[in-house]
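# Understanding the architecture of this molecule
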Amino acid sequence: MSNELWARTESEPDWEPPAIDTTVAHSARMYDHWLGGKTNFAPDRELGDAVERLIPTIRTMARENRRFLGRAVRHMVREQGIHQFLDIGTGIPTEGNTHEVAQLADETARVVYVDNDPIVLAHARALMSSTPGGRTAYLHADLRDPKAILDHPTLREVLDLEQPVGLMLLGVLMLVADAEDPWQQVRVVLDALPVGSCVAISHVTADFDPGAVGAVVDAEGEGRMTLVPRTRDGVGRFFADWELLEPGIVPVMAWRPDGEPPVNPEAAYYWAGVARKTA
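These remarks concern the structure in this document. (Residues numbered from 1 in each chain as written. Predicted model: local features only at pLDDT ≥ 70, side-chain atom pairs only at ≥ 80, totals over all residues. Heavy atoms only, no water.)

The next subject is the environment of glutamate 162. Summarising the element assignment, glutamate 162 is placed in the loop between helix 7 (153-158) and strand 5 (166-170). For the pair formed by glutamate 162 and aspartate 49, sequence separation is 113 residues and the distance between their alpha carbons is 45 Å. (Helix = DSSP H or I, 4+ residues; strand = E, 2+ residues; numbered from the N terminus.)

Here we take up the packing of aromatic side chains. For the structure shown, the criterion picks out 3 aromatic pairs. Residues phenylalanine 68 and tryptophan 255 carry aromatic rings whose centres are separated by 5.6 Å and whose planes lie at 80 degrees to one another, so their mutual orientation is edge-to-face. Linking phenylalanine 68 in helix 3 (residues 58-78) with tryptophan 255 in the loop between strand 8 (250-251) and strand 9 (270-276), this pair joins segments that are 187 residues apart in sequence. Note that arginine 232 overlies the ring of tryptophan 271, its terminal NZ or CZ placed 5.8 Å from the centroid. Note that arginine 237 overlies the ring of tryptophan 183, its terminal NZ or CZ placed 3.9 Å from the centroid. (Phe/Tyr/Trp six-rings, centres within 6.5 Å; stacked < 30°, edge-to-face > 60°. Lys NZ or Arg CZ within 6 Å of the ring centre and 35° of its normal.)

The subject of this paragraph is the packing of helix 3 against helix 4 (residues 98-105). In contact at an axis separation of 9 Å, helix 3 and helix 4 are set at 35 degrees when each is read in the N-to-C sense. When the axes of helix 3 and helix 4 are compared, the crossing they make is right-handed. Where helix 3 approaches helix 4, its residues Leu69, Gly70, Val73, Arg74, Val77 and Arg78 are matched on the opposing element by Thr98, Val101, Ala102 and Ala105. For the contact of helix 3 with helix 4, the residue count by class is 6 nonpolar, 2 polar and 2 charged. (Axes fitted to C-alpha atoms, helices over the stretch in contact; angles between N-to-C directions. Left-handed = near helix turned anticlockwise from the far one by under 90°. Contact = heavy atoms within 4.5 Å. Nonpolar A, V, L, I, M, F, W, Y, C, P; charged D, E, K, R; others polar.)

With that settled, consider unusual backbone geometry. Cis geometry marks the peptide bond from glutamate 246 to proline 247; its omega dihedral reads 10 degrees. Along the chain, proline 247 falls in the loop between strand 7 (243-244) and strand 8. Despite not being glycine, aspartate 181 has its phi angle at roughly 55 degrees, a positive value. By the secondary structure assignment, aspartate 181 is in the loop between strand 5 and helix 8 (182-192). Even without being glycine, alanine 240 reaches a positive phi, approximately 55 degrees. Following the sequence through the fold, alanine 240 ends up in the loop between helix 10 (232-236) and strand 7. Judged by its relative accessible area of 34%, alanine 240 is partly exposed. (Buried < 20%, exposed > 50% of the residue type's maximum accessible area, 1.4 Å probe, protein only.)

Right under this line is the structure:
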């Protein structure tokens, strides 16, 4: 059996991937631009640079969010005994993908990636360079339809939902408006996971600099993009009744940093935390 799987939620035999619209900016491609990647286009760079003028530390913020992914995954593997992951809102592949971090700690780790961006689909093969003993898969699906993700046969083939799962929701919930009730969408996934599972969440906030983040929300709105910064309490609701691990919901740079604690953790405008299902 192959240790690499590609899948989609659609079942029609003549289904074709959705077209990639390169005429408007996209959040995943802007993030790629800030990380120094090459999978972006002029509108992504233009809006990304406009955001950078409003928040000069935006590239640092993107890197710190990625570093949090690494720390959270390593903690789940080494301290929580988790060996399988569901990464929703994966984004464009870059250095330090979830399976790369997990399989360095445990070469048998299994990962299912989920994203609804056609350009991520186009680069999905880069997410599936699994170790021989591990498994990876990619689903072209949407957080806003959690049941379709959970019921997908490929997910059920790669992940054992009777065993603890590490759920990664990094920098994705801010792209879903309050009116769509992202808290309920996340709760559907949380309820499907067994005791011992963990969830890692990072989320943009205006708590540290309301003026700058508000200006970014306006700029992205003009670019036909949804960006919803949320307060610490708003982010906390996503964890539902799961037990927050120390140090709780903190600025992303302050969640179990490698080395010395950051001098100014609020320089990256993300709340972050990891929680565990205990009952």
